[in-house]
Amino acid sequence: MKKKWMWIAPLALIGFALFISLGGYAVMSLWNWLLPPMFGWHALTFWQALGILVLSRLLFGGFGMNSGPRSRMGEGFRGRMRDRMHGRLEERMEEHFAAMTPDERERFRQRMRDKFGLGPCGGAPQS
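The rules we used
Sequence positions are assigned chain by chain, starting from 1 and proceeding in written order. pLDDT decides what is reported in this predicted model: residues at 70 or higher carry local features, side-chain atom pairs at 80 or more are listed and counted, and totals for whole chains, interfaces and linings draw on all residues regardless. With hydrogens and water stripped out, all remaining heavy atoms of the structure feed into the side-chain values. Pairing of aromatic rings covers Phe, Tyr and Trp, the last counted by its six-membered ring, and requires centre-to-centre distances within 6.5 Å; plane angles under 30 degrees mean stacked, over 60 mean edge-to-face, and any other angle means tilted. Note on conventions: DSSP H or I runs of at least 4 residues are helices, E runs of at least 2 residues are strands, and numbering of each starts at the N terminus. Each residue is placed in one exposure class: buried if its accessible area under a 1.4 Å probe, protein chains only, is under 20% of its type's maximum, exposed if it is over 50%, and partly exposed if it falls in between. Comment: the charge-over-ring label is applied if NZ (Lys) or CZ (Arg) is within 6 Å of the ring centre and within 35 degrees of the ring normal. Orientation is described by axes fitted as lines to C-alpha atoms, over the contacting stretch for helices, and by angles from 0 to 180 degrees between their N-to-C directions. The scheme is simple: roughly parallel for angles under 35 degrees, roughly antiparallel for over 145, roughly perpendicular for 65 to 115, oblique for anything else. Note on contacts: a residue pair qualifies if any of its non-hydrogen atoms lie within 4.5 Å across the two residues. Classes in brief: Ala, Val, Leu, Ile, Met, Phe, Trp, Tyr, Cys and Pro nonpolar; Asp, Glu, Lys and Arg charged; the others, Gly included, polar. Note on definitions: salt bridges are taken to be side-chain nitrogens of Lys or Arg within 4 Å of carboxyl oxygens of Asp or Glu.

Caption draft 1: Main features of the packing of aromatic side chains. Scanning all chains against the criterion turns up four aromatic pairs. Ring geometry for Trp31 versus Trp41: centroids 5.7 Å apart, planes at 40°, classification tilted. Of the two residues, Trp31 sits in helix α1 (residues 2-39) while Trp41 sits in the loop between α1 and α2 (46-61), which places them 10 residues apart along the sequence. Between Phe97 and Phe108, the aromatic rings sit 5.9 Å apart at their centres with planes inclined by 70°, giving edge-to-face as the arrangement. In this pair, Phe97 sits in helix α3 (residues 77-98) while Phe108 sits in helix α4 (residues 102-116), placing the two residues 11 residues apart along the sequence. When its relative accessible area of 28% is taken as the criterion, Phe97 is described as partly exposed. Grouping aromatic residues by their ring pairs yields a cluster made of Trp31, Phe39 and Trp41. If you follow Arg105 out to its NZ or CZ, it ends over the ring of Phe97, 5.8 Å from the centre.

Caption draft 2: Summary view of the packing of α1 against α2. Direction vectors running N to C along α1 and α2 enclose 100°, while the axes themselves pass 8 Å from each other. Judged by the angle between their axes, α1 and α2 are roughly perpendicular. For the pair α1 and α2, contact is made by Ile20, Ser21, Gly23, Gly24, Tyr25, Val27, Met28 and Trp31 and by Phe46, Ala49, Leu50, Ile52 and Leu53, respectively. For the contact of α1 with α2, the residue count by class is 10 nonpolar, three polar and no charged.

Caption draft 3: Region of the structure containing the pattern of salt bridges. This structure, assessed with the given rule, holds two salt bridges. Across the salt bridge formed by Glu106 and Arg109, the nearest N and O atoms sit 3.9 Å from each other. Separated by three residues within a single helix, Glu106 and Arg109 lie in helix α4, roughly one turn from each other. Assessed through its relative accessible area of 38%, Glu106 is described here as partly exposed. Here Arg113 makes a salt bridge to Glu106, at a shortest N to O gap of 3.3 Å. Among the ionic contacts, a cluster of salt bridges with common partners joins Glu106, Arg109 and Arg113.

This is a description of form; function is not addressed.
Following this line, the structure appears as structure tokens:
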């Protein structure tokens, strides 16, 4: 078992470094290809691009460790509150829709189609 870990740990570190390097290089290449010609901004170095990548992940995406169906387990109070609010809203909408007559439901559907430009289920907008 120890021999297995002796190979996995260095390979994992090399893979992690390679992944980070490729991410930094991709950000740098895209930035330097698009933004200086379009807006006249300065070109970036690799380290600046890596800093932008880390900053954007922190601000907008985390580090991907909470992805998947169980991602909300560790969110704590805010996640539970959001789930409860969503559940209550769904229940209220179902109750409201169930209490409508068939004519009221059709009028409601038609108003939604008119308001949001949607055609019949799955279809294109009708003119």
